[in-house]
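The primary structure of each chain is shown beneath.
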Amino acid sequence: TQRVVIIGAGIVGTNLADELVSRGWKDITVVEQGPLHMPGGSTSHAPGLVFQTTPSKTMTHLARYTVQKLQSIEKDGQGCFNQVGGLEVATTPARLEDLKRKHGYASSWGIDARLVSAEECLEMYPHLNKDMVLGGLHIPSDGLALAARATQLLIERTSKAGVRYLGSTPVTGIERANGRVTGVTIPGGTVPADIIVSCAGFWGVEIGKMVGLPIPLLPLAHQYAKTTTVPALAGRDLNNKPNGLNATLPILRHQDQDLYFREHGGQYGIGYYGHRPMPVVASSLGLTSQNVDEKNMPSRLEFTTEDFAPAWTESQKLLPALRSTQIEDGFNGIFSFTPDGGPVFGQAPNLDGFYVAEAVWVTHSAGVARALAEILTEGRSQIDMTECELTRFEEIQLSHDYVSETSQQNFVEIYDILHPLQPKESPRTLRTSPFYSREKDLGAYFLELGGWERPFWYEANAGLLNSLPAEWKPVERDSWSSQFYSPIVAAEAWKTRNAVAMFDMTSFHRFEVAGSGALQLLQRLTTGDIAAYPGTISWVLLLNDQGGIRSDIFVSRLEENVFQIGANTATDLAYISREARRQGQWVQVRDITGSTCCIGLWGPRARDVIRAISSDDFSNKGLRYFGVKNAIINGIPTTVFRKSYVGELGWEIQTSAEYGQRLWDAIFQAGKNHGLVAAGRGAFNALRLEKGYRTYGIDMNTEHNPYEAGVGHMIRASKWEEYVGKSAVDRLSKQSPVRRLRCLTVDDGRSMVLGKEPVFKNGKAVGYVTSSAFGYTVRKPIAYAWLPGNLGEGAGVEIEYFGRRIAATITAEPLYDPEMKKMLT
Ligand code: FAD
């Protein structure tokens, strides 16, 4: 039996102990630096508002499970969750629109929610100022978590089940041997361990340092205050109930002023995100704290009244009942923020047996704990955790400066209305391809991903709009979908389909797997047979043991023992590197993304362009589809991959970074005679969707199997070697999917959606949109959506967009060139 040590007895650590015990784990020790009755971390003073619905399906489902779980924990007839419901009010027209979008997320993710009028808000919440509120979103299943109480009850219940708790015991080191953890150091000894999970909350950075693991979270103080008794709430017998059960009004959000509210018996609690960010260094708070009580604990700093002044004014405006009260008590409480607002979760890339579950809100705590327990027990979690993975961050995103700046920005923007494409304003230009200055010269509009500057369109192509044939003219868009968009995208799509375009592909992850054990490793991890002769590209899946999709990758065999991988995320690199280490046989995995660069040259005239600058054979025979070879282009050594995301003839041309600019210039120059343009990701995304190519993380993830996701063709049925997920997909291939990723086209040919909207059939929400784009070639908006398996091609559905229903039809895919005539010639 494996020995588990959990660091931290907050809401996450105790839930994890509980989830492990319920799965039969026997040897669990929880080590907590503070006293067990009140450890003194963020949980000890969390007001515990649980608003479940977010744009993220993962986070919403983690929250939904937390609600279920907390409802099941009780003692002496009193529970740990007060389901008072949640009310978010709008005081501006923009927020009212945003709440419609949020209502859509709730429908997409299966949370019961209702948009309510101003009058209904007042009925539900009589203290609101009727002159301010325009409407609201009501979620009956939201409520108040009694986090500190739940923690105590979980300690009690798991102790009875045999979990050992070491209170007032700081972990001061992590012991390791041969790349694995062996135990934690505590004063006067060691607690041996095969698995260590750091649930140390905002101290996570300090624990990470013990093993050389950068943890991208920033502890920030956040203000919370309690008023004196509100006359309108006074005198109810609720005042004697435990904190959290002493409330009847819904939890309330006033996001237009960065505020949230809850009742504490007769008093109001007010939380505020509108103040300046106040970063804290956890180690400066001292590792242990003696004499922890309600008012003194390491995670609780002095209240700074002046920072709260605007909050107090705005609170009294929204809730006039507060005008007769004062601030009785307040504090600046510390918890974790991250660069993208998500948790930091999963296995360390550099140390076997070491896991983290940090930067987790009370709202998601039980969900996160269950996911980790499932991963430790069964190797996968039922809720996809890709967007929470510690390894999702790129190296540059782990630097302290980056984490500090972006996490503070996250704090500032926490309640802002953010467009899904809205870029960070800073830090920018962290990673630029060698083509960057040329792209800027062409007026590129850049958006950022993973630190990379990626052109979305080029203003230099604006003139093409005048010569665009009538059937390619872009349709008018509504004000939301026209943000971070330009009609120039239509012109770039047109050029790609009818002439030729060059796309900067540098930001895609590329790494090399080399050595005598490389083939064996990749055969074991992927669904394809990659033992083909050198010069062949295979498009394959990485699966988990249950057949869930971990990623789709391109494996190009460059030499007998050298493979290049084209991957989706840094997590793919971390996974393959870890498996390479485990295999023991000689395999080296090397990230070559930054040392190389890549241009996608695609379109019916691509061959004319490349022939003008290379004497290598680029005929259909000279380099067949899904073939790769070295070639000299304008004197530059390159590796050329014949594949295309946009569905046109052409190649990805890769070279070493120092030749990049020269390669760009050569292609751009040669292309002039053939109508070539530089094209951006706007066109790319639209063209790839017309071809039905899925994007991992958006269209599919670990929750989906290959057959329902429509990528069953990436499984080589005749592959006899064992690989991860083989027995699962053998079984799944015989079942008919209960849900499917489907291609929808919008009937009116013009109404855009952006992704994550709910899809309705006969008035019932039955699925949700993943990717969407305007299909310029097919002259209709396209949306991919997860839908029940029994809905077939031709079936009509409705997509809800800002409360409006848009008719769409399930359509056979791919929409463009299903016979592959364009790419195979
Ligand atoms: P913690 O509760 O901090 O637990 C970590 C534990 O690890 C601590 O007890 C610590 O002592 C221990 N530890 C650390 N280092 C060591 C070591 N070296 N050795 C041994 N033990 C160690 N969330 C919501 O969902 N809703 C809200 O309304 C909400 N409001 C909030 C309001 C405020 C003012 C604050 C500060 C936070 C709020 N949060 C809210 C956030 C929430 O409180 C936290 O995200 C959550 O409690 C974190 O739980 P945890 O178990 O990860 O961390």
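Residues numbered from 1 in each chain as written. Predicted model: local features only at pLDDT ≥ 70, side-chain atom pairs only at ≥ 80, totals over all residues. Heavy atoms only, no water.

*Asks:* Any details on the overall build of the protein? Residues and values, ideally.
*Replies:* Check the secondary structure of the protein and you find 19 helices and 43 strands. Taken over the C-alpha trace, the protein has a radius of gyration of 28 Å; the compact-globule value for 825 residues is 28 Å, and the two agree within 12%. The principal-axis extents of the C-alpha atoms in the protein amount to approximately 85 × 65 × 50 Å. Out of the 825 residues in the protein, the part that is buried amounts to 61%. Sequence separation of 24 or more characterises 73% of the internal contacts of the protein that already satisfy a separation of 6 or more. Side-chain charges of the protein comprise 83 positive and 88 negative groups, with the mean position of each set lying 5 Å from the other. (Helix = DSSP H or I, 4+ residues; strand = E, 2+ residues; numbered from the N terminus. Rg over C-alpha atoms; globule rule 2.2 N^0.38 Å. Buried < 20%, exposed > 50% of the residue type's maximum accessible area, 1.4 Å probe, protein only. Contact = heavy atoms within 4.5 Å. Lys, Arg positive; Asp, Glu negative; His and termini not counted. Charge placed at Lys NZ, Arg CZ, Asp CG, Glu CD.)

*Asks:* Which residues make up the site of the ligand, and what values do they have?
*Replies:* Around the ligand lies a shell of 37 residues, among which E32, T43, L49, V360 and T363 are the nearest. At a separation of 3.1 Å, an oxygen atom of the ligand approaches a polar backbone atom of V12. Within the side chain of T363, a nitrogen or oxygen atom sits 2.6 Å from an oxygen atom of the ligand. Alone, the ligand offers 990 Å² of accessible surface; in the complex the protein occludes 98% of this. Mapped onto the shell around the ligand, the elements with two or more residues apiece are α1 (11–21), β16 (218–227), β22 (327–337) and α8 (362–378). Among the elements that line the shell around the ligand, the one with the most residues is β22, at four residues. Taken together, the residues of the shell around the ligand sort by class into 23 nonpolar, 13 polar and one charged. (Near = heavy atom within 4 Å. Polar contact = N/O pair within 3.5 Å; in protein donor to acceptor, adjacent residues only side chain to side chain. Areas by Shrake-Rupley, 256 points an atom, 1.4 Å probe, with all protein chains shown as cover. Nonpolar A, V, L, I, M, F, W, Y, C, P; charged D, E, K, R; others polar.)

*Asks:* Got a sec to walk through the sheet that holds strand β37 (residues 676–679)? Specific residues and values, please.
*Replies:* Two orientations exist for strands paired in a sheet by backbone hydrogen bonds: parallel and antiparallel. The strand order across the open sheet built from six strands is β34-β35-β36-β33-β27-β37, with neighbouring strands paired in mixed fashion. Two strands lie at the open edges of the sheet, namely β34 (628–633) and β37, each paired on one side alone. Between one strand axis and the next, the sheet turns through 30° on average, direction left out of account. Alignment of strand β35 (residues 636–641) against strand β36 (residues 650–656), held across three bridges, turns out to be antiparallel. Within the sheet, the bridge partner assigned to F641 lies in β36 and is E652. (Pairing = 2+ DSSP bridges. Axes fitted to C-alpha atoms, helices over the stretch in contact; angles between N-to-C directions.)

*Asks:* An account of the packing of aromatic side chains is requested, with residue identities and associated values reported.
*Replies:* For the coordinates displayed, the defined rule picks out 32 aromatic pairs. Ring plane angle 20° and centroid distance 4.2 Å describe the contact between F202 and W203, whose orientation is recorded as stacked. Through pairs of rings, three or more aromatic residues link up here, namely F503, F508, W539, F554, W602, Y625, F626, Y645, F684 and Y693. Its end group placed over the ring of Y816, R497 keeps NZ or CZ at 3.6 Å from the ring centre. Here the guanidinium or amino end of R805 rests over the ring plane of F760, the centre of that ring lying 3.6 Å away. (Phe/Tyr/Trp six-rings, centres within 6.5 Å; stacked < 30°, edge-to-face > 60°. Lys NZ or Arg CZ within 6 Å of the ring centre and 35° of its normal.)

*Asks:* Describe the pattern of salt bridges, naming the residues involved and giving the relevant values.
*Replies:* Side chains that differ in charge, positive against negative, can pair when their charged atoms come close. Here the structure, examined in full by the defined rule, presents 45 salt bridges. For R23, the salt bridge identified is with E374, shortest N-O distance 3.9 Å. On the criterion of sequence distance, the pair formed by R23 in the loop between α1 and β2 (27–31) and E374 in helix α8 is long-range, its members being 351 residues apart. Across the pair D27 and R164 runs a salt bridge, and its minimum N-O distance is 2.6 Å. Pair noted here: D27 is in strand β2 and R164 is in strand β11 (residues 164–166), with a separation of 137 residues, a long-range link. (Salt bridge = Lys/Arg side-chain N within 4 Å of Asp/Glu carboxyl O.)

*Asks:* Please set out the sheet that holds strand β6 (residues 81–82) residue by residue, giving values where relevant.
*Replies:* What the three strands build is an open sheet, ordered β3-β10-β6; its pairing is antiparallel. The sheet is open, and its two borders are formed by β3 (49–50) and β6, each paired with just one other strand. One ladder, built from two bridges, connects β6 with strand β10 (residues 143–145); its direction is antiparallel. When the sheet's bridge partners are listed, N82 is paired in β10 with L144.

*Asks:* Which residues make up the environment of K756, and what are the values?
*Replies:* Note on placement: K756 falls in the loop between β38 (739–746) and β39 (758–761). In this structure, the C-alpha to C-alpha distance between K756 and K57, residues 699 residues apart in sequence, is 8.6 Å. Residue contacts for K756: discarding those within four places in its chain leaves P55, S56, Y105, S108, W109, V769 and T770. Of note is the side chain of K756, whose polar atom sits 3.1 Å from the backbone oxygen of P55.

*Asks:* Can you break down the pairing of strand β18 (residues 259–264) residue by residue, with the values?
*Replies:* Counted residue by residue, β18 has six buried out of six residues, so it is predominantly covered. Residues L259, F261 and E263 line one face of β18 and the alternating positions Y260, R262 and H264 line the opposite face, and both faces are buried. As paired elements, strand β17 (residues 251–254) and β18 share three bridges and run antiparallel to each other. Bridge pairing links H254 to L259 in β18. Linking two consecutive strands that pair antiparallel, namely β17 and β18, is a turn of four residues; a positive phi of about 60° is found at D258 within it.

*Asks:* Outline the confidence of the model for the protein, supporting the account with residue identities and numerical values.
*Replies:* In low-pLDDT segments, the atomic positions of the prediction should not be examined closely. For the protein, the average pLDDT comes to 96, and 99% of its residues sit at 70 or higher. For this predicted complex, the interface confidence comes out at an ipTM of 1.00, alongside a pTM of 0.97. (pLDDT = per-residue confidence, 0-100.)

*Asks:* So what about helix α7 (residues 305–318)? Which residues, and what values?
*Replies:* For an α-helix, 3.6 residues make a turn, and residues three or four places apart therefore share a direction. With 14 residues, α7 should reach 20 Å at 1.5 Å per residue; the first-to-last C-alpha distance of 20 Å fits that figure. A311 marks where α7 bends most, by close to 25°. What α7 keeps buried is the set D307, F308, A311, W312, E314, S315, Q316 and L318. Buried residues in α7 make contact with β16, β17, β18, β19 (267–272), β20 (278–279) and β22. (Expected span 1.5 Å × (residues − 1). Bend = angle between axes of the 7 residues up to and from the residue.)

*Asks:* Give a description of helix α2 (residues 57–72) that names residues and reports values.
*Replies:* Look at α2: 23 Å from first C-alpha to last across 16 residues, which is about the 22 Å you get at 1.5 Å a residue. When α2 is considered as a whole, its buried residues turn out to be K57, T58, M59, T60, H61, L62, A63, Y65, T66, V67, K69 and L70. One side-chain oxygen at the N-terminal end of α2 lies 3.3 Å from the backbone nitrogen of T58; it belongs to S56.

*Asks:* A description of the side chain of H674 should follow, citing residues and the corresponding values.
*Replies:* You can see H674 is positioned in the loop between α16 (660–671) and β37. Note on H674: relative accessible area 15%, which makes it buried. Every residue in contact with H674, bar those within four places of it in the chain, is listed here: A499, V500, R605, D608 and V609.

*Asks:* Describe in detail unusual backbone geometry, supporting the description with residues and values.
*Replies:* Following S426, the chain continues into P427 via a peptide bond in cis, with omega recorded as -5°. If you trace the backbone, P427 turns up in the loop between α9 (400–412) and α10 (436–441). Residue E813 is joined to P814 through a cis peptide bond whose omega torsion reads -5°. In this structure, D76 takes a positive phi of about 50° despite not being glycine. Position of D76 relative to the elements: it lies in the loop between β4 (74–75) and β5 (78–79). Among the residues examined, D76 registers a relative accessible area of 70% and is labelled exposed.

*Asks:* Report on the layout of surface pockets, specifying residues and quantitative values.
*Replies:* The computed volume of the second largest pocket comes to approximately 830 Å³. The wall of the second largest pocket is formed by 38 residues, among which Q347, I375, G379, R550 and R578 lie closest to the centre. Listing elements by their share of the lining of the second largest pocket, those giving two or more residues are β23 (344–347), α8, α13 (518–525) and α14 (570–583). When residues in the lining of the second largest pocket are grouped by element, the largest group, seven residues, is from α14. (1 Å grid on protein atoms, 1.4 Å probe; cavity = no way out; pocket = protein on both sides within 12 Å on 5 of 7 lines; lining within 4 Å. Points joined across faces, edges and corners; volume = space filled by probe spheres on them.)

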